[in-house]
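Tertiary structure, described
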Amino acid sequence: MTIQAMDSLPHVMTEDEYRRLPEKISREIEVVHGHVIVCESPTPEHNRVARRLAGAMEDLPTTEPCLRAETDIDVVLWRVPKFTFRRPDVTVYRCLDQPGDKPKASDALIVVEVSSPSTAAEDLLDKKAQYARVGIPLYLVVMLDTKFDIAEVLEFRLDAHAREYRLHQIHRDGLLRMEHVIIGDIAFTDLTR
């Protein structure tokens, strides 16, 4: 299957079909329950927050022997019953053995979505449920306001028994205080300046 343009993408796609896409096309979609989701191109401010947050997280002390924090990397959530992957804005995961390998959901310890008013519903409903379903321990939603400043960061921790997130803390005082896997403080202004 060779696909040249976004408008020629099928509505449903298998993992093999996704892997054969040109990178230019594959970078612009996610696949959820086998259905192709075309992702809106983020703003520079959105990308800046994600990139700086990933860097800050990698620089802080951790309870794990080896962690990586990456932006915009595919994370396969499940393959059955239908292939599903998401591309969180930031994924913090255990180091992998093979160079070039991408993390699976079981490798991810923290996922972050940088959310604006236009994406909040998907980030707080669909993605939150999907990340909890696969057991990712911590989910952060960085809420941007209409001026691209950080209004707050919602911290959800997994209730493993129920396979759903519980709101643990709302960070509103200009500081994200990390206490799980990554230990330390990140100032909102360091992410948006």
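Residues numbered from 1 in each chain as written. Predicted model: local features only at pLDDT ≥ 70, side-chain atom pairs only at ≥ 80, totals over all residues. Heavy atoms only, no water.

1. Observations concerning the environment of Asp72
Relative to the assigned elements, Asp72 resides in the loop between β3 (67–71) and β4 (75–78). Along the primary structure Asp72 and Thr91 are separated by 19 residues, whereas in three dimensions their C-alpha atoms are 7.8 Å apart. Contacts of Asp72, omitting those with residues within four sequence positions, involve Arg27, Arg87, Pro88 and Asp89. A distance of 2.7 Å separates a polar atom in the side chain of Asp72 from a polar atom in the side chain of Arg27. (Helix = DSSP H or I, 4+ residues; strand = E, 2+ residues; numbered from the N terminus. Contact = heavy atoms within 4.5 Å. Polar contact = N/O pair within 3.5 Å; in protein donor to acceptor, adjacent residues only side chain to side chain.)

2. Description of the state of the cysteines
Under the counting rule described, the total for this entry stands at one disulfide. Here Cys66 connects covalently by a disulfide to Cys95, the sulfurs 1.8 Å from one another. Measuring the twist about the S-S bond at about -75 degrees, one finds the Cys66-Cys95 disulfide to be left-handed. With a gap of 29 residues between them, Cys66 in the loop between α3 (44–59) and β3 and Cys95 in the loop between β6 (90–94) and β7 (108–115) connect regions that are remote in the sequence. (Disulfide = S-S within 2.5 Å.)

3. Focus on the layout of surface pockets
Of the volumes computed, that of the largest pocket is approximately 810 Å³. In terms of lining, the largest pocket is formed by 29 residues, of which the most central are Cys39, Glu40, Ser41, Pro42 and His46. Sorting elements by how many residues they give to the lining of the largest pocket places α3 first, with four residues. For the lining of the largest pocket, a count of residues per class yields eight nonpolar, eight polar and 13 charged. As for the second largest pocket, its lining consists of Tyr18, Arg19, Leu21, Glu23, Ser26, Arg27, Asp74, Arg87 and Lys102. Of all elements in the fold, only α1 (15–19) and α2 (23–26) reach the threshold of two or more residues within the lining of the second largest pocket. (1 Å grid on protein atoms, 1.4 Å probe; cavity = no way out; pocket = protein on both sides within 12 Å on 5 of 7 lines; lining within 4 Å. Points joined across faces, edges and corners; volume = space filled by probe spheres on them. Nonpolar A, V, L, I, M, F, W, Y, C, P; charged D, E, K, R; others polar.)

4. What about the packing of aromatic side chains?
Within this structure, the stated rule accounts for six aromatic pairs. Relative to Phe83, the ring of Tyr18 has its centre 6.1 Å away and its plane inclined at 40 degrees; by these criteria the two rings are tilted. Here the residue Tyr18 occupies a position in helix α1, and Phe83 occupies one in the loop between β4 and β5 (84–86), the gap between them amounting to 65 residues. Each of the two residues, Tyr18 as well as Phe83, counts as buried. Chaining the aromatic ring pairs together yields one cluster made of Tyr131, Tyr139, Phe156 and Tyr165. Note that Arg133 overlies the ring of Trp78, its terminal NZ or CZ placed 3.8 Å from the centroid. (Phe/Tyr/Trp six-rings, centres within 6.5 Å; stacked < 30°, edge-to-face > 60°. Buried < 20%, exposed > 50% of the residue type's maximum accessible area, 1.4 Å probe, protein only. Lys NZ or Arg CZ within 6 Å of the ring centre and 35° of its normal.)

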